[in-house]
Amino acid sequence: MDNEPILKIHVEVNRKDVRELQGPDGVVKMLPFGGAVEGKIFHGIVSPGAVDTQVTNCNQVRHMSARYMLEGYDEDENFCHIYIENNGWFTNGERPSPFMTVPSFLTDSPTLERYLNRDNFRGEGRKEDGKLTIYIFERY
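None of these values were measured; they are calculated from a predicted model. (Residues numbered from 1 in each chain as written. Predicted model: local features only at pLDDT ≥ 70, side-chain atom pairs only at ≥ 80, totals over all residues. Heavy atoms only, no water.)

Give me the overall build of the chain: which residues, what numbers.
When helices and strands are tallied, the chain shows 1 helix and 10 strands. Put simply, the chain runs from its N terminus to its C terminus through helices and strands in the order β-β-β-β-β-β-β-β-α-β-β. Here the C-alpha radius of gyration of the chain, 15 Å, is about what a compact globule of 140 residues would show, namely 14 Å. Its C-alpha atoms give the chain principal-axis dimensions of roughly 50 × 35 × 30 Å. (Helix = DSSP H or I, 4+ residues; strand = E, 2+ residues; numbered from the N terminus. Rg over C-alpha atoms; globule rule 2.2 N^0.38 Å.)

Let's hear about the pairing of strand β6 (residues 62–74): which residues, and what values?
Relative to β6, strand β4 (residues 42–46) runs antiparallel, the two being bridged by 5 bridges. Bridge pairing links V46 to L70 in β6. Inspection of the sheet shows strand β5 (residues 51–57) paired to β6 by 6 bridges, in the antiparallel sense. The partner of T53 across the bridge, within β6, is S65. Sheet topology note: the β6/strand β7 (residues 79–90) ladder contains 12 bridges and is antiparallel. In the sheet register, R62 faces β7, and the bridge partner there is F90. Counting the residues in the hairpin turn of β6 and β7 gives 4 residues, including E77, whose phi is positive at 65°. (Pairing = 2+ DSSP bridges.)

Any chance you could break down the packing of aromatic side chains for me, citing the residues and the numbers?
Counted according to the given criterion, the structure contains 6 aromatic pairs. For the ring pair F105 and F121, a centre distance of 5.3 Å and an interplane angle of 80° mean the geometry is edge-to-face. With F105 in strand β8 (residues 99–107) and F121 in strand β9 (residues 121–128), the pair connects residues that are 16 residues apart, well separated along the chain. Note on F105: relative accessible area 6%, which makes it buried. Aromatic side chains Y115 and F121 sit 5.3 Å apart centroid to centroid with 80° between the ring planes, which places their arrangement in the edge-to-face category. The exposure class of Y115 is partly exposed, given its relative accessible area of 22%. A residue is classified by how much of its surface remains accessible, and F121, at 1% relative accessible area, is buried. Ring pairs connect the aromatic residues F105, Y115 and F121, which therefore count as one cluster. The lysine or arginine in question, R126, covers the ring of Y135, its NZ or CZ lying 4.1 Å from the ring centre. (Phe/Tyr/Trp six-rings, centres within 6.5 Å; stacked < 30°, edge-to-face > 60°. Buried < 20%, exposed > 50% of the residue type's maximum accessible area, 1.4 Å probe, protein only. Lys NZ or Arg CZ within 6 Å of the ring centre and 35° of its normal.)

So this is what it looks like as structure tokens:
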């Protein structure tokens, strides 16, 4: 398995805009974020409107669903967008480090469209120097 990520997303959470709801059956947190993106297939930024929604139920199972758009340049240096939905599940309400996710993609890049639409990827979130980086790898 190739250990080189196809994308690295350097996440910057907008702390002042985080929203939380606590109910009798669980907790919901919505974490807006931005950031920079680099990788062998794309480089650019996280577009405004990105949000990581985390729902922890009464059994302490947390579902994380991050949805965001990237804008920048594909490997052929053509301007494009990539939409990512990245899902992960954690037990005991805790997020392990690193944590694993399942990403899915849509893009307007003719260069990347067939490649990204294969549903053959895995994500890994790592805290590095106090900051979160999401790595996207190809699964074999």
